[in-house]
Amino acid sequence: MAEAHSAVAFSFSITHEGWDINYDREVLDLVWQSGVRSWRKRLARWRTGVRNGVYPAHLQSLWLVIAIAIGLHFSQRHVPFDLVNKWLAVLPGNTLQWQFVACSLAGLVVWLSICYTMRYSLKLLLMYKGWMYEKRAPGSRTSLQTRLWGLFVKILATWNKPGLYSFQGSLPRLPLPSVKDTMSRYLRSVRPLLDDANYNRMERLAKEFQQGIATKLQRYLLLKSWWSTNYVSDWWEEYVYLRGRGALMVNSNFYGIDAIFMHPTKVQSARAASVMHLLLQFRRTVERQELEPILVQGLVPLCSWQYERIFNTVRAPGIESDKIIHYQDSNHVVVLYRGCYYKVIIYHNGRLLRPCELQMQIDHILQQREEKPQPGEELLASLTAGDRTKWAQIRQTVFAKGVNRTSLHTVESAAFVLSLDEKPFEFDIAQPEKLDQFGRYLLHGNGHDRWFDKSFTVCVGSNGRIGFNAEHTWADAAVMSHIWEMLIMGETEQRADAPVMAHVWENIVADEATNKRYDENGNTVGIPEFEPPTPKRLSWDLNDKVALEAIDEAHLAAQKLLNDVDLRILVHDAYGKGLMKKCRLSPDAFIQMALQLAYYRDAGRFSLTYEASMTRLFREGRTETVRPCTIESADWVKAMLDNNVTVEERVRLLNAACDRHQLGYQDAMCGKGIDRHLFCLYVVSKYLEIDSPFLQEVLSEPWRLSTSQTPHGQTAKMDLKKHPNCISAGGGFGPVADDGYGVSYIVAGEDLIFFHISSKRSCGTTSSERFAQEICRALSDMKHLFEEYRSLQKQGTTDASKTQKK
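Residues numbered from 1 in each chain as written. Predicted model: local features only at pLDDT ≥ 70, side-chain atom pairs only at ≥ 80, totals over all residues. Heavy atoms only, no water.

Rule in force here: UniProt positions are given in the numbering used here, feature names are shortened, and annotations may be inferred rather than shown by experiment.
The protein is annotated in an unreviewed UniProt entry as carnitine O-palmitoyltransferase from Anopheles albimanus. Its UniProt record gives the protein a comment under Catalytic activity (unreviewed entry), which states: "(R)-carnitine + hexadecanoyl-CoA = O-hexadecanoyl-(R)-carnitine + CoA". Database annotation for the protein, UniProt heading Sequence similarities (unreviewed entry): "Belongs to the carnitine/choline acetyltransferase family."

Dropping the structure here:
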């Protein structure tokens, strides 16, 4: 209990000699500073809350309106609706002071009316989604309707500089599709997967569902869509994530990789300190809402709701359901090194520690190589990697009180966790296995050196390269990648599926590429102004049979799970988006068609394919599923395998398949998806205890090919033409199905694409290496297809020219 006693900042006791008071001035000073910082943040949140509440109007315009009201009143002119006199009728008097009060109240009423008129006008404008379906190919012309809409949105949305959450009140709600439309889209999506007999059976089930219980389920869902901010998001978070009892590691958490072509420093402590500082600066911009919201094409805002839980957030285990806990403030980061946990204070005298001061703290931790983990401490994080119910049970007993509770709270309430790995994170284009290992380190580590419950864990290799492992519940994978990429790199091109974590990560790398953060020795620049607080080693009391057995059991389960992961990171440098644009095809659609061809060659059949799209054009929107395996894509794949089909026909079918995929992506982003609607109908049916054979079969279909694109370039901080090596390798995730593939890809440049391919070694029918080869083969075939097509076009033009001359 010595550790608990030393943690007490103030105590008193009564003796026969009188009062005996003991206190620690340093700890009380830290408590005082923490309180002051918290109240400052509350005041800042209140200010920004008022500012966001009246956006797009300007807060300072209130004084102008009040001044006009005063001027009109005292010049014997009536304020609209005679508001001043109406206020005077209910006020205690008619003196000069009360007249000023009445004018102020009348001005406030008029000003609020203007504010809400502007807000709901913007909301009505943002409901329009016709701009999504406008063609943007060279030579195409935008419709007059969309041009006028864009003009009005620009006037309302950009005249006043917005804060991070300024558009939240103006974003429309996610629309609820009709059952008829969803059934039609669903049946069309499964047609290439089913033979005639099975398709007829599914068509019959869908018709029975639509004409039967679907009407009742839709009424309840319609009521929820009116009452709630978003009819999907809360149920999606609860039933897809929080109620899942399986392991987070590999099955749910995802990872992001450093900008592998640049290596700013090989000093581990310096890189760790720099990244910590940049992340904490990013946290401050989020808390102060100084971060500008993402605007698609510089015009249409995306929902910023997910930014709230980037930092100070943990997924706490429960017996039946976990819960997300977000702490309003945190003045520390937890560092994990050689199985030991350290609390690192990040503020001093009301300011954030500088990188050079943070490096001193990290260096102190790295010097503790002789420190031995306490019994059970080294494998402790395995509990967060395993079964959620078992972890919850141990948490309620072993971590319910005493030093274990205190230390666990320190870890969970940290801004984030930083892991100092003893292995280097390496990349060599000639040795692809090094990058594969890099990805494995980030996806699962050794099973006990990542705190998988935290919103994210920053991982720093012994050679200074970095990455992250992120929990999935609080935000979508693409969202976390957004943060990461913004910390790593940058490109001015904006995408409509801008995720949050990529925003953070991109910011790190962009800052490190454009600003000098390290000296010639690889250490952080700057001179410490004082001796920073020494990192405090966390204490644990795990030396009992129940705790040690639970930790060992979780460790063995984690080892079994991570050893089953087959991860391959493919660096495709034969071509990138440059060639795809020349083909006048969407890069995403182009790659999805390559994946369809690769999978068919690998498995000998088509498969239900998942591609993540976002619905953040709507308030509290998260994701929707795009189904890339379509009738058109299947026709094209079959044509590629049929030697009797001409080049012209193959190109025509590919164009049709890409157009259909693009339409599916647009529909998903505009709230016209299939899967979230069916999911919510299923939840309602379970609440009403109504069984639906159709919904049960739909939601049990395995996604054997699960894909996701990591956007590239969410910040304008840096120009890739000036910094060509600042290219993110993206990130990845584990396979969704035991007999399937998980594929994440990032179009990183004109001639570069990264694919993160995962599968399970225990499955005899899958192989990440084999699938990577099939992807390369498919991309090569598509390149040759267009080369042949251009050659034929050129030849045809030449022949026609010769004929004309004759």
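What to know about the overall build of the protein
Definition in use: Only DSSP runs of H or I reaching four residues or more are called helices, and only runs of E reaching two or more are called strands; each is numbered from the N terminus. Each residue's exposure class comes from its accessible area (1.4 Å probe, protein chains only) as a fraction of the maximum for that residue type: buried when under 20%, exposed when over 50%, partly exposed otherwise. Whether two residues touch is decided by their heavy atoms; if any such pair falls within 4.5 Å, the residues are in contact.
The number of helices and strands found in the protein is 26 helices and 22 strands. The 806 residues of the protein split such that 56% are buried. Here the analysis covers contacts within the protein between residues at least 6 apart in sequence; of these, 75% occur between residues at least 24 apart.

Topic: the environment of Glu-287
By the secondary structure assignment, Glu-287 is in helix H11 (residues 268–287). When the C-alpha positions of Glu-287 and Asp-329 are compared, they lie 9.5 Å apart, and in sequence the two are 42 residues distant.

What about H11?
The following threshold applies: Expected span of a helix: the number of residues minus one, times 1.5 Å.
Over its 20 residues, H11 extends 28 Å from the first C-alpha to the last, a length consistent with the 28 Å expected when each residue adds 1.5 Å. Across the 20 residues of H11, 17 count as buried, placing the element largely inside the fold. Of the residues one or two after H11, Gln-289 is the one with positive phi, at around 60°.

What to know about the sheet that holds strand S15 (residues 536–537)
Applied cut-off: Two strands pair if DSSP finds at least two bridges between them. To get an axis, fit a line to the C-alpha atoms, keeping to the stretch in contact for a helix; angles then go from 0 to 180 degrees between the N-to-C directions.
The strand order across the open sheet formed by 8 strands is S15-S9-S8-S12-S13-S14-S3-S20, and the pairing between neighbours is mixed. The sheet is open, and its two edges are formed by S15 and strand S20 (731–733), each paired on a single side. Of the pairings in the sheet, the one linking strand S3 (residues 254–257) to strand S14 (residues 466–470) comprises 4 bridges and is antiparallel in character. By the bridge assignment for S14, Tyr-255 is matched with Asn-469. Contacts between H11 and the sheet are confined to strand S8 (332–337), strand S9 (340–345), strand S12 (417–420), strand S13 (456–460) and S14, with S13 contributing the most and set at about 150° to the helix.

Considerations on the side chain of Gln-596
The line we're drawing: Counting of polar contacts relies on pairs of N or O atoms within 3.5 Å, with two restrictions inside protein: one atom must be capable of donating a hydrogen and the other of accepting it, and residues adjacent in sequence are counted only when both atoms are side-chain atoms.
One can find Gln-596 in helix H21 (residues 587–603). Given the relative accessible area of 3%, Gln-596 is considered buried. At 3.0 Å, the side chain of Gln-596 and the side chain of Thr-609 are in polar contact. Each residue touching Gln-596, except ones within four places of it in the same chain, is listed here: Phe-606, Thr-609, Pro-628, Cys-629, Ser-633, Val-637 and Leu-705.

A closer look at the sheet that holds strand S17 (residues 609–614)
Strand order in the open sheet made by the 6 strands is S16-S22-S21-S19-S17-S18, with mixed pairing throughout. Lying at the two open borders of the sheet, with one neighbouring strand each, are strand S16 (565–572) and strand S18 (623–626). Direction aside, neighbouring strands of the sheet carry axes that sit 25° apart on average.

Side note on the pattern of salt bridges
Going by this rule: We define a salt bridge as a side-chain nitrogen of Lys or Arg found within 4 Å of a carboxyl oxygen belonging to Asp or Glu.
The full count for this structure, using the stated rule, is 39 salt bridges. As a salt-bridge pair, Asp-322 and Arg-245 come within 2.8 Å of each other at their nearest N and O atoms. Of this pair, Asp-322 sits in the loop between strand S6 (313–316) and strand S7 (323–326) while Arg-245 sits in the loop between helix H10 (233–242) and S3; the two residues are 77 residues apart in sequence, bridging distant segments of the chain. By relative accessible area, Asp-322 is classed as buried at 4%. Here Arg-315 ties to Glu-471 by a salt bridge, and the two come within 3.3 Å at their closest N and O atoms.

Re the confidence of the model for the protein
Applied cut-off: As a per-residue quantity, pLDDT reports the predictor's confidence and falls between 0 and 100.
Summarising the model, the protein shows a mean pLDDT of 87, and 88% of its residues fall at 70 or more. Predicted confidence is poor over residues 1–9, with pLDDT under 50, and the contacts of this stretch with residues over four places away or in other chains come to 6 contacts.

Observations concerning the packing of helix H9 (residues 214–227) against helix H24 (residues 675–687)
For any two helices packed against each other, one specifies the crossing angle of their axes together with the interaxial distance. Where we set the bar: Roughly parallel here means an angle under 35 degrees, roughly antiparallel means over 145, roughly perpendicular means 65 to 115, and every remaining angle is called oblique. Throughout, the ten residues Ala, Val, Leu, Ile, Met, Phe, Trp, Tyr, Cys and Pro are labelled nonpolar, Asp, Glu, Lys and Arg are labelled charged, and all others, Gly among them, are labelled polar.
Closest axis-to-axis distance for the H9/H24 pair is 9 Å, and the angle between their directions is 100°. On the basis of the axis angle, H9 is roughly perpendicular to H24. Between H9, through Leu-217, Gln-218, Tyr-220 and Leu-221, and H24, the contact on the second element is made entirely by His-677, Cys-680, Leu-681, Val-684 and Ser-685. Partitioning the contact of H9 with H24 into residue classes produces 6 nonpolar, 3 polar and no charged.

Observations concerning the pairing of S16
Of all the 8 residues making up S16, 8 are buried; the element is thus mostly covered by neighbouring parts of the structure. Residues Val-565, Leu-567, Ile-569 and Val-571 line one face of S16 and the alternating positions Asp-566, Arg-568, Leu-570 and His-572 line the opposite face, and both faces are buried. Where S16 lies against strand S22 (residues 752–760), 8 bridges are found, and the strand directions are antiparallel. Along S22, the bridge assignment pairs Leu-570 with Phe-755.

Details of a nonpolar patch on the surface
The line we're drawing: Exposure above 30% relative accessible area and the absence of a salt bridge qualify a residue for a patch, where like charges join within 9 Å and nonpolar side chains (Val, Leu, Ile, Met, Phe, Trp, Tyr) within 5 Å. Note on areas: Shrake-Rupley, 1.4 Å probe, and residue coverage restricted to the protein chains presented here.
The grouping of Leu-144, Leu-148, Leu-151, Phe-152 and Ile-155 at the surface amounts to a nonpolar patch, some 490 Å² of accessible area in total. Accessibility expressed as a relative area gives 46% for Phe-152, which makes it partly exposed.

Observations concerning unusual backbone geometry
Even without being glycine, Asn-312 reaches a positive phi, approximately 60°. As for its placement among the helices and strands, Asn-312 is situated in the loop between strand S5 (300–301) and S6. The buried category is assigned to Asn-312, whose relative accessible area is 2%. For Glu-620, which is not a glycine, the phi torsion comes out positive at approximately 60°. With respect to the helices, strands and loops of the structure, Glu-620 is situated in the loop between S17 and S18. For Glu-620, a relative accessible area of 23% puts it in the partly exposed group.

Section: the packing of aromatic side chains
Quick reminder of the rule: Pairing of aromatic rings covers Phe, Tyr and the six-membered ring of Trp, with a centre-to-centre limit of 6.5 Å; geometry is then stacked below 30 degrees between planes, edge-to-face above 60, and tilted otherwise. Each ring is checked for a lysine NZ or an arginine CZ that lies within 6 Å of its centre and within 35 degrees of its normal; such an atom marks a charge sitting over the ring.
Summed over the entire model, instances satisfying the criterion amount to 28 aromatic pairs. The interplanar angle of 5° and the centroid separation of 5.9 Å between the aromatic rings of Trp-131 and Trp-149 together place this pair among those described as stacked. Here the residue Trp-131 occupies a position in the loop between helix H5 (96–126) and helix H6 (144–158), and Trp-149 occupies one in helix H6, the gap between them amounting to 18 residues. By relative accessible area, Trp-149 is classed as buried at 7%. One aromatic cluster is present, built from ring pairs that chain together Tyr-341, Trp-391, Phe-399, Trp-451 and Trp-540. The cationic tip of Arg-191 hangs over the ring face of Tyr-199; the distance from NZ or CZ to the ring centre is 4.4 Å. Of note, Lys-224 hangs over the ring of Trp-235, and the distance from its end group to the ring centre comes to 4.4 Å.

Considerations on the packing of helix H22 (residues 631–640) against helix H23 (residues 647–669)
Put simply, the rule reads: Two helices that cross are described as forming a left-handed crossing if the nearer one is turned anticlockwise from the farther one by less than a right angle, and a right-handed crossing if clockwise.
At their nearest, the axes of H22 and H23 sit 8 Å apart, and the two run at 155° to each other. With respect to each other, H22 and H23 are oriented roughly antiparallel. In terms of crossing hand, the pair formed by H22 and H23 is left-handed. For the pair H22 and H23, contact is made by Glu-632, Ser-633, Asp-635, Trp-636, Ala-639 and Met-640 and by Arg-650, Leu-653, Leu-654, Ala-656, Ala-657 and Arg-660, respectively. Here the residues of the contact of H22 with H23 sort into 7 nonpolar, 1 polar and 4 charged.

As for the pairing of S9
S9 sits mainly inside the fold: 5 of its 6 residues count as buried. Bridging between S8 and S9 involves 6 bridges; their strand directions are antiparallel. Bridged to Val-333 within S9 is Val-344. Adjacent in sequence and paired antiparallel, S8 and S9 are bridged by 2 residues, among which Arg-338 carries a positive phi angle near 50°.

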